[in-house]
Amino acid sequence: MQSYPKYLSTENRRALTVASVVELAGSHNPGEITTEAIAQCMHMTQGVLYRHFSSKKAVWHAVMDWVAEGLLTAIDRSARGIESPLAAMEAMFMSHIEFVAKHPGVPRIMFGELQLAQTTPAKRVAQSVLGRYRERLHRLIEKGQAAGEISPSLDKEAAVTLFLGSIQGLVIRSLLVENMTDMRREAERIFALLIVLYRCGIGSDS
């Protein structure tokens, strides 16, 4: 566990609370992480925690906001300045894998929120980030089709689902075997297959 300064601004305390939840989620079921556990991780009382967050739901909302901003910023930065749409998609794929490898608690949190039956503010953020991610991929696929890199008959929706599903499969496998270090090598092999499928036109009628 990390050690934290005793005196912090509200903004810094909130940021460190989010970081603590992400850290805890790397080795604990996110649904079982209590405010008491978060406070203990930060070496403070629950009373101090509730000075900065009105409820556990508010903590989780802040965590999902951080995940959304962090993931989308990472993939956008990785693709910036790359002219080839397929190369940009590969950069995003690898950046996503590296983000998860650095923060293994993130997929546990995302999966936990998305499987909830009820709608929560945090779940809405999770749904929103997936929607924004899909929009980025759709634009790149359309650009790739216009540039002749990607088959014009490609089923774009299926291609986007396959892209994200491939990442999710790699992540789940790594979580099951408790080994995040091999994901990058596996990701390179998986994306090489995706390139072949995108050029051939997966899901097309041809």
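Residues numbered from 1 in each chain as written. Predicted model: local features only at pLDDT ≥ 70, side-chain atom pairs only at ≥ 80, totals over all residues. Heavy atoms only, no water.

Q: Break down empty space enclosed by the protein for me, with residues and values.
A: Overall, the coordinates contain one cavity of 30 Å³ or more when judged by the stated rule. Within this model, the largest cavity holds a volume of roughly 190 Å³. Around the largest cavity, the lining comprises 15 residues; the ones closest to its centre are L71, H96, M110, F111 and Q168. Elements with a minimum of two residues in the lining of the largest cavity: α5 (85–102), α6 (105–114), α7 (121–147) and α8 (156–177). Sorting elements by how many residues they give to the lining of the largest cavity places α6 first, with five residues. (1 Å grid on protein atoms, 1.4 Å probe; cavity = no way out; pocket = protein on both sides within 12 Å on 5 of 7 lines; lining within 4 Å. Points joined across faces, edges and corners; volume = space filled by probe spheres on them. Helix = DSSP H or I, 4+ residues; strand = E, 2+ residues; numbered from the N terminus.)

Q: I'd like to hear about unusual backbone geometry, residue by residue, with values.
A: Of note, H43 is a non-glycine position whose phi angle comes to about 60°, a positive value. By secondary structure assignment, the location of H43 is in the loop between α2 (35–41) and α3 (46–52).

Q: I'd love a proper account of the layout of surface pockets, names of residues and values included.
A: The calculated volume of the largest pocket comes to roughly 390 Å³. Lining the largest pocket we find 18 residues, and of these G31, W60, G112, E113 and L116 sit closest to its centre. Secondary-structure elements contributing two or more residues to the lining of the largest pocket are α4 (56–79), α6 and α7. Of the residues forming the lining of the largest pocket, the biggest block, five residues, is contributed by α6. Classifying every residue of the lining of the largest pocket gives seven nonpolar, seven polar and four charged. Here the second largest pocket defines a volume of roughly 300 Å³. Along its surface, the second largest pocket is lined by 15 residues, and A15, V18, A19, V22 and W66 are the ones closest to its centre. Elements supplying a minimum of two residues to the lining of the second largest pocket: α1 (10–25) and α4. A total of seven residues in the lining of the second largest pocket trace back to one element, the largest contributor, which is α1. Taken together, the residues of the lining of the second largest pocket break down into eight nonpolar, four polar and three charged. (Nonpolar A, V, L, I, M, F, W, Y, C, P; charged D, E, K, R; others polar.)

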